[in-house]
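So you can see what is in the structure, the chains are spelled out below.
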Amino acid sequence: MRGYLRPAAGLTCLFALAAAGCSSGGTGTTDAAPPRTAQAPRTSAAPSESASSSDTSSSTSYAPYVSATEASATDSTGSPTTYNLAFVISDGSNCTAKWNGTDAIDKAAVKSRISALKKSGASVRVSFGGASGKELAEVCGSASALAAAYGAALDAAGSTQADFDIEGDALTDSASVALRSKAIALLQEERDDLKMSFTLPVMPSGLDSDSLALLESANDNSVTVSTVNIMTMNYGSSYSGDMGDYAETSAKATHDQLQDVFGLSSAGAWQGLALTSMIGDNDVANETFSLSDAAQVRAFAESKKIAWVSMWSTFRDQQCSSDDASSDNAATNCSGVSQSSGAFAQAFAG
(Lines give C-alpha, C1' and ligand atoms only; values in the text may rest on other atoms or scores of the structure.)
Protein backbone atom coordinates (compact mmCIF):
# COMPACT_ATOMS: atom_id res chain seq x y z
CA MET A 1 0.00 0.00 0.00
CA ARG A 2 1.01 3.54 -0.38
CA GLY A 3 2.35 5.54 2.49
CA TYR A 4 0.20 8.53 3.25
CA LEU A 5 2.71 11.06 2.03
CA ARG A 6 1.60 13.76 -0.39
CA PRO A 7 1.60 13.61 -3.33
CA ALA A 8 1.81 9.83 -3.17
CA ALA A 9 -0.44 8.66 -0.62
CA GLY A 10 1.09 -2.85 3.22
CA LEU A 11 1.13 -10.96 11.31
CA THR A 12 3.30 -12.90 13.00
CA CYS A 13 3.76 -15.30 14.93
CA LEU A 14 2.69 -17.73 17.48
CA PHE A 15 -1.06 -17.65 17.37
CA ALA A 16 -0.76 -18.60 21.04
CA LEU A 17 -4.24 -17.51 21.88
CA ALA A 18 -7.02 -18.75 24.07
CA ALA A 19 -10.46 -19.45 22.72
CA ALA A 20 -12.31 -16.56 24.34
CA GLY A 21 -13.85 -13.75 22.25
CA CYS A 22 -11.69 -10.70 21.56
CA SER A 23 -13.47 -7.39 20.91
CA SER A 24 -12.05 -5.02 18.33
CA GLY A 25 -14.27 -2.18 19.32
CA GLY A 26 -17.57 -1.11 20.77
CA THR A 27 -19.69 -3.29 18.51
CA GLY A 28 -18.53 -6.57 20.01
CA THR A 29 -17.29 -8.08 16.75
CA THR A 30 -14.08 -10.05 16.86
CA ASP A 31 -10.83 -8.88 15.37
CA ALA A 32 -8.22 -11.40 16.41
CA ALA A 33 -6.93 -14.86 15.62
CA PRO A 34 -7.57 -18.27 17.12
CA PRO A 35 -5.27 -20.35 19.28
CA ARG A 36 -2.22 -22.13 18.08
CA THR A 37 -2.18 -25.76 19.08
CA ALA A 38 1.45 -26.07 20.15
CA GLN A 39 4.60 -24.25 21.28
CA ALA A 40 2.65 -21.48 22.92
CA PRO A 41 4.72 -19.50 25.42
CA ARG A 42 1.93 -17.05 26.24
CA THR A 43 -1.80 -16.63 25.76
CA SER A 44 -4.12 -13.90 24.60
CA ALA A 45 -7.83 -13.60 23.89
CA ALA A 46 -9.03 -14.68 20.47
CA PRO A 47 -12.17 -15.81 18.66
CA SER A 48 -13.43 -19.31 19.21
CA GLU A 49 -13.03 -21.88 16.46
CA SER A 50 -16.28 -23.56 17.47
CA ALA A 51 -18.83 -21.08 16.14
CA SER A 52 -22.19 -22.69 15.53
CA SER A 53 -23.04 -23.37 11.90
CA SER A 54 -26.51 -22.05 12.65
CA ASP A 55 -25.13 -18.64 13.63
CA THR A 56 -26.12 -16.30 10.80
CA SER A 57 -24.43 -13.18 12.17
CA SER A 58 -21.24 -12.08 10.47
CA SER A 59 -17.96 -12.41 12.34
CA THR A 60 -16.09 -10.34 9.72
CA SER A 61 -15.39 -6.74 10.72
CA TYR A 62 -14.91 -3.77 8.40
CA ALA A 63 -11.71 -1.87 9.26
CA PRO A 64 -10.62 0.61 6.57
CA TYR A 65 -7.35 2.51 6.35
CA VAL A 66 -7.79 6.21 7.01
CA SER A 67 -5.50 9.20 7.18
CA ALA A 68 -4.52 9.97 10.75
CA THR A 69 -4.12 13.65 9.92
CA GLU A 70 -6.86 14.55 7.42
CA ALA A 71 -10.57 13.80 7.72
CA SER A 72 -12.50 12.42 4.77
CA ALA A 73 -16.24 12.66 4.21
CA THR A 74 -16.34 8.89 3.69
CA ASP A 75 -14.47 7.87 6.86
CA SER A 76 -17.57 6.70 8.71
CA THR A 77 -19.43 5.20 5.74
CA GLY A 78 -20.16 1.55 6.44
CA SER A 79 -19.85 2.09 10.23
CA PRO A 80 -16.32 0.68 10.65
CA THR A 81 -15.58 -1.41 13.72
CA THR A 82 -11.94 -0.29 13.69
CA TYR A 83 -10.00 2.40 11.84
CA ASN A 84 -6.46 1.63 10.69
CA LEU A 85 -4.56 4.90 11.18
CA ALA A 86 -1.98 5.44 8.43
CA PHE A 87 0.99 5.71 9.01
CA VAL A 88 3.52 6.08 11.83
CA ILE A 89 7.10 6.05 10.54
CA SER A 90 10.47 7.53 11.49
CA ASP A 91 11.09 11.24 11.14
CA GLY A 92 13.70 10.25 8.58
CA SER A 93 16.90 9.50 10.43
CA ASN A 94 16.09 9.26 14.14
CA CYS A 95 14.16 6.85 16.33
CA THR A 96 11.31 9.34 16.61
CA ALA A 97 7.79 8.25 15.72
CA LYS A 98 5.82 10.71 13.59
CA TRP A 99 2.66 10.55 11.55
CA ASN A 100 3.76 10.33 7.92
CA GLY A 101 7.25 11.19 9.12
CA THR A 102 6.26 14.82 9.63
CA ASP A 103 3.57 15.31 12.31
CA ALA A 104 4.27 14.76 16.00
CA ILE A 105 2.40 11.78 17.38
CA ASP A 106 0.84 13.95 20.10
CA LYS A 107 -0.09 16.83 17.79
CA ALA A 108 -3.33 18.36 19.08
CA ALA A 109 -5.05 18.33 15.70
CA VAL A 110 -4.30 14.64 15.22
CA LYS A 111 -5.50 13.74 18.70
CA SER A 112 -8.72 15.62 18.01
CA ARG A 113 -9.09 13.76 14.73
CA ILE A 114 -8.66 10.39 16.46
CA SER A 115 -11.16 11.34 19.16
CA ALA A 116 -13.70 12.15 16.46
CA LEU A 117 -13.19 8.75 14.84
CA LYS A 118 -13.82 7.03 18.18
CA LYS A 119 -17.09 8.83 18.89
CA SER A 120 -19.14 6.16 17.13
CA GLY A 121 -17.70 3.50 19.43
CA ALA A 122 -15.12 2.30 16.92
CA SER A 123 -11.58 1.54 18.01
CA VAL A 124 -8.38 2.65 16.29
CA ARG A 125 -5.40 0.58 15.26
CA VAL A 126 -2.08 2.37 14.78
CA SER A 127 -0.43 1.26 11.54
CA PHE A 128 3.35 1.44 11.50
CA GLY A 129 5.22 1.39 8.20
CA GLY A 130 3.62 1.53 4.76
CA ALA A 131 5.30 1.98 1.40
CA SER A 132 6.88 5.41 1.97
CA GLY A 133 9.56 6.66 4.31
CA LYS A 134 11.52 4.69 6.90
CA GLU A 135 9.86 2.19 9.22
CA LEU A 136 11.09 2.78 12.77
CA ALA A 137 12.92 -0.57 12.94
CA GLU A 138 15.16 0.60 10.11
CA VAL A 139 16.58 3.50 12.14
CA CYS A 140 16.22 2.69 15.85
CA GLY A 141 19.39 1.45 17.51
CA SER A 142 17.99 -1.06 19.99
CA ALA A 143 14.92 -3.16 20.67
CA SER A 144 14.15 -1.17 23.83
CA ALA A 145 14.31 2.15 21.99
CA LEU A 146 12.12 0.77 19.20
CA ALA A 147 9.59 -0.60 21.67
CA ALA A 148 9.47 2.79 23.38
CA ALA A 149 8.82 4.55 20.05
CA TYR A 150 6.02 2.14 19.17
CA GLY A 151 4.54 2.48 22.65
CA ALA A 152 4.62 6.27 22.55
CA ALA A 153 2.60 6.27 19.31
CA LEU A 154 0.05 3.82 20.74
CA ASP A 155 -0.33 5.91 23.88
CA ALA A 156 -0.77 9.12 21.91
CA ALA A 157 -3.57 7.51 19.90
CA GLY A 158 -5.12 5.83 22.94
CA SER A 159 -4.88 2.46 21.20
CA THR A 160 -4.21 -1.12 22.25
CA GLN A 161 -3.95 -2.34 18.63
CA ALA A 162 -0.85 -2.18 16.47
CA ASP A 163 -0.57 -2.96 12.77
CA PHE A 164 2.84 -3.41 11.16
CA ASP A 165 2.64 -2.80 7.41
CA ILE A 166 5.97 -4.21 6.26
CA GLU A 167 6.79 -4.08 2.57
CA GLY A 168 9.50 -3.04 0.12
CA ASP A 169 13.00 -2.59 1.51
CA ALA A 170 11.78 -3.01 5.10
CA LEU A 171 10.61 -6.54 4.31
CA THR A 172 13.95 -7.65 2.86
CA ASP A 173 16.06 -6.01 5.60
CA SER A 174 16.70 -8.98 7.88
CA ALA A 175 18.33 -6.85 10.58
CA SER A 176 15.30 -4.59 10.98
CA VAL A 177 12.96 -7.60 10.81
CA ALA A 178 14.80 -9.20 13.74
CA LEU A 179 14.93 -5.95 15.71
CA ARG A 180 11.20 -5.38 15.19
CA SER A 181 10.38 -8.87 16.44
CA LYS A 182 12.38 -8.29 19.61
CA ALA A 183 10.74 -4.89 20.16
CA ILE A 184 7.22 -6.24 19.69
CA ALA A 185 7.98 -9.02 22.18
CA LEU A 186 9.12 -6.41 24.71
CA LEU A 187 6.01 -4.35 24.05
CA GLN A 188 3.75 -7.35 24.60
CA GLU A 189 5.50 -8.12 27.88
CA GLU A 190 4.71 -4.58 29.03
CA ARG A 191 1.16 -4.47 27.62
CA ASP A 192 -0.77 -7.68 28.04
CA ASP A 193 -3.79 -6.17 26.26
CA LEU A 194 -1.85 -5.36 23.07
CA LYS A 195 -3.25 -6.92 19.90
CA MET A 196 -0.99 -6.80 16.86
CA SER A 197 -1.23 -7.65 13.20
CA PHE A 198 1.19 -7.84 10.32
CA THR A 199 0.12 -6.43 6.96
CA LEU A 200 2.08 -8.10 4.17
CA PRO A 201 2.19 -8.14 0.36
CA VAL A 202 0.77 -11.22 -1.31
CA MET A 203 0.51 -12.90 -4.69
CA PRO A 204 -2.12 -15.36 -5.91
CA SER A 205 0.46 -18.02 -4.97
CA GLY A 206 0.52 -16.72 -1.38
CA LEU A 207 3.14 -15.03 0.81
CA ASP A 208 6.67 -14.90 -0.52
CA SER A 209 9.81 -16.13 1.24
CA ASP A 210 10.54 -12.73 2.81
CA SER A 211 7.10 -12.55 4.42
CA LEU A 212 7.40 -16.12 5.67
CA ALA A 213 10.84 -15.28 7.11
CA LEU A 214 9.30 -12.33 8.94
CA LEU A 215 6.70 -14.64 10.50
CA GLU A 216 9.39 -17.08 11.52
CA SER A 217 11.37 -14.25 13.12
CA ALA A 218 8.35 -13.34 15.19
CA ASN A 219 7.94 -17.01 16.14
CA ASP A 220 11.57 -17.18 17.22
CA ASN A 221 11.01 -14.18 19.52
CA SER A 222 7.75 -15.49 21.08
CA VAL A 223 5.61 -12.74 19.57
CA THR A 224 1.86 -13.25 19.79
CA VAL A 225 -0.11 -12.08 16.76
CA SER A 226 -3.80 -11.44 16.26
CA THR A 227 -4.07 -11.34 12.48
CA VAL A 228 -2.16 -11.70 9.23
CA ASN A 229 -3.54 -9.03 6.89
CA ILE A 230 -2.69 -9.58 3.22
CA MET A 231 -2.62 -6.80 0.62
CA THR A 232 -4.59 -8.22 -2.29
CA MET A 233 -3.35 -5.70 -4.86
CA ASN A 234 -0.56 -4.77 -7.29
CA TYR A 235 0.30 -8.28 -8.45
CA GLY A 236 2.11 -7.25 -11.62
CA SER A 237 1.57 -6.61 -15.30
CA SER A 238 1.04 -10.29 -16.11
CA TYR A 239 -2.03 -10.43 -13.87
CA SER A 240 -4.77 -8.98 -16.05
CA GLY A 241 -7.66 -11.14 -14.85
CA ASP A 242 -10.46 -10.60 -12.33
CA MET A 243 -9.27 -8.84 -9.15
CA GLY A 244 -11.97 -10.41 -6.99
CA ASP A 245 -10.89 -13.87 -8.10
CA TYR A 246 -7.24 -13.01 -7.45
CA ALA A 247 -8.14 -11.88 -3.93
CA GLU A 248 -9.84 -15.20 -3.22
CA THR A 249 -6.95 -17.20 -4.71
CA SER A 250 -4.42 -15.21 -2.66
CA ALA A 251 -6.44 -15.75 0.52
CA LYS A 252 -6.73 -19.50 -0.06
CA ALA A 253 -2.99 -19.84 -0.63
CA THR A 254 -2.16 -17.76 2.47
CA HIS A 255 -4.68 -19.73 4.52
CA ASP A 256 -2.78 -22.93 3.73
CA GLN A 257 0.53 -21.27 4.63
CA LEU A 258 -0.83 -20.10 8.00
CA GLN A 259 -1.99 -23.61 8.77
CA ASP A 260 1.48 -24.88 7.99
CA VAL A 261 3.49 -22.18 9.76
CA PHE A 262 1.40 -21.97 12.92
CA GLY A 263 -0.15 -25.41 13.20
CA LEU A 264 -3.68 -24.02 12.96
CA SER A 265 -6.86 -25.80 12.06
CA SER A 266 -8.52 -24.77 8.79
CA ALA A 267 -11.10 -22.68 10.67
CA GLY A 268 -8.40 -21.15 12.84
CA ALA A 269 -6.33 -20.08 9.83
CA TRP A 270 -9.34 -18.36 8.26
CA GLN A 271 -10.10 -16.56 11.53
CA GLY A 272 -6.49 -15.38 11.71
CA LEU A 273 -6.62 -13.81 8.25
CA ALA A 274 -7.61 -10.32 7.06
CA LEU A 275 -7.88 -8.93 3.52
CA THR A 276 -7.04 -5.43 2.32
CA SER A 277 -7.82 -4.35 -1.25
CA MET A 278 -6.74 -1.25 -3.14
CA ILE A 279 -10.00 0.10 -4.50
CA GLY A 280 -10.38 1.25 -8.10
CA ASP A 281 -7.16 1.82 -10.01
CA ASN A 282 -4.22 -0.06 -8.54
CA ASP A 283 -0.60 1.06 -8.96
CA VAL A 284 -0.23 -1.53 -11.73
CA ALA A 285 -1.85 -0.10 -14.85
CA ASN A 286 -3.81 -3.19 -15.87
CA GLU A 287 -5.32 -3.80 -12.41
CA THR A 288 -8.69 -2.26 -11.50
CA PHE A 289 -10.60 -3.37 -8.41
CA SER A 290 -14.32 -2.79 -9.01
CA LEU A 291 -17.37 -2.45 -6.79
CA SER A 292 -18.43 -5.95 -7.81
CA ASP A 293 -14.99 -7.19 -6.72
CA ALA A 294 -15.57 -5.56 -3.32
CA ALA A 295 -18.92 -7.30 -2.94
CA GLN A 296 -17.29 -10.60 -3.94
CA VAL A 297 -14.50 -10.20 -1.37
CA ARG A 298 -17.00 -9.34 1.36
CA ALA A 299 -19.14 -12.41 0.61
CA PHE A 300 -16.07 -14.65 0.50
CA ALA A 301 -14.74 -13.25 3.81
CA GLU A 302 -18.07 -13.85 5.52
CA SER A 303 -18.29 -17.39 4.19
CA LYS A 304 -14.87 -18.21 5.66
CA LYS A 305 -15.30 -16.15 8.88
CA ILE A 306 -12.23 -14.08 8.04
CA ALA A 307 -11.37 -11.64 10.84
CA TRP A 308 -11.71 -8.37 8.93
CA VAL A 309 -11.74 -6.75 5.54
CA SER A 310 -10.18 -3.41 4.73
CA MET A 311 -9.43 -1.09 1.86
CA TRP A 312 -6.90 1.48 0.80
CA SER A 313 -8.50 3.83 1.57
CA THR A 314 -11.44 5.98 2.78
CA PHE A 315 -10.04 9.14 1.20
CA ARG A 316 -9.95 7.41 -2.19
CA ASP A 317 -13.56 6.18 -1.91
CA GLN A 318 -14.95 8.76 -4.32
CA GLN A 319 -15.06 9.37 -8.04
CA CYS A 320 -12.35 11.55 -9.53
CA SER A 321 -13.66 15.01 -10.34
CA SER A 322 -12.03 15.04 -13.77
CA ASP A 323 -12.77 12.74 -16.69
CA ASP A 324 -9.03 12.13 -16.72
CA ALA A 325 -8.34 10.22 -13.50
CA SER A 326 -4.62 10.95 -13.69
CA SER A 327 -5.23 14.70 -13.47
CA ASP A 328 -7.13 14.23 -10.22
CA ASN A 329 -4.54 11.74 -8.95
CA ALA A 330 -6.40 8.47 -8.57
CA ALA A 331 -3.38 7.24 -6.64
CA THR A 332 -4.05 9.48 -3.65
CA ASN A 333 -7.48 11.11 -3.51
CA CYS A 334 -9.99 9.22 -5.66
CA SER A 335 -10.59 5.72 -7.02
CA GLY A 336 -10.33 6.27 -10.76
CA VAL A 337 -13.59 4.40 -11.42
CA SER A 338 -17.21 5.49 -11.75
CA GLN A 339 -18.85 5.37 -8.31
CA SER A 340 -20.87 7.23 -5.75
CA SER A 341 -18.96 8.50 -2.72
CA GLY A 342 -18.56 5.80 -0.09
CA ALA A 343 -19.73 3.00 -2.40
CA PHE A 344 -16.72 0.79 -1.72
CA ALA A 345 -17.16 1.20 2.05
CA GLN A 346 -20.75 0.09 1.78
CA ALA A 347 -19.75 -2.95 -0.28
CA PHE A 348 -17.01 -3.98 2.16
CA ALA A 349 -19.23 -3.41 5.20
CA GLY A 350 -21.83 -5.77 3.77
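Predicted model only: the values in this text are computed from it and were never measured. (Residues numbered from 1 in each chain as written. Predicted model: local features only at pLDDT ≥ 70, side-chain atom pairs only at ≥ 80, totals over all residues. Heavy atoms only, no water.)

J.: Help me understand the state of the cysteines in this model?
T.: Disulfide: a covalent bond formed between the sulfur atoms of two cysteine residues. Applying the stated criterion across every chain yields a total of 2 disulfides. Each sulfur of the disulfide joining Cys-95 and Cys-140 lies 1.9 Å from the other. Measuring handedness by torsion sign, the sulfur bridge of Cys-95 and Cys-140 sits at about 90° and is right-handed. With a gap of 45 residues between them, Cys-95 in the loop between strand 3 (82-90) and strand 4 (97-99) and Cys-140 in the loop between strand 6 (123-129) and helix 2 (143-157) connect regions that are remote in the sequence. Accessibility expressed as a relative area gives 7% for Cys-140, which makes it buried. A sulfur-sulfur separation of 2.1 Å characterises the disulfide bridge that pairs Cys-320 with Cys-334. What sets the handedness of the Cys-320 and Cys-334 disulfide is the S-S torsion sign, and at about 85° it is right-handed. In this pair, Cys-320 is assigned in the loop between strand 13 (308-312) and helix 9 (343-349) and Cys-334 in the loop between strand 13 and helix 9, connecting sequence segments 14 residues apart. In terms of burial, Cys-320 and Cys-334 fall into one category: buried. Along the protein, the cysteines engaged in disulfide bonds are linked according to the scheme 1-2, 3-4 when indexed in sequence order. (Disulfide = S-S within 2.5 Å. Helix = DSSP H or I, 4+ residues; strand = E, 2+ residues; numbered from the N terminus. Buried < 20%, exposed > 50% of the residue type's maximum accessible area, 1.4 Å probe, protein only.)

J.: Mind showing me how you'd approach the nonpolar core here?
T.: One recurring pattern in soluble globular proteins is that nonpolar side chains are buried together. Residues Phe-128 and Phe-348 are the most contacted members of the largest nonpolar core, which totals 79 residues. The dominant element in this core, judged by the number of residues it contributes, is helix 2, at 9 residues. If near-sequence neighbours (up to four positions away) are discounted, Phe-128 is found in contact with Val-88, Glu-135, Leu-136, Tyr-150, Ala-153, Leu-154, Ala-162, Asp-163, Phe-164 and Asp-165. Within the second largest apolar cluster, 9 residues are counted, among which are Met-1, Ala-86, Met-231 and Met-233. (Core = buried A, V, L, I, M, F, W, Y, C linked by side-chain atoms within 4.5 Å. Contact = heavy atoms within 4.5 Å.)

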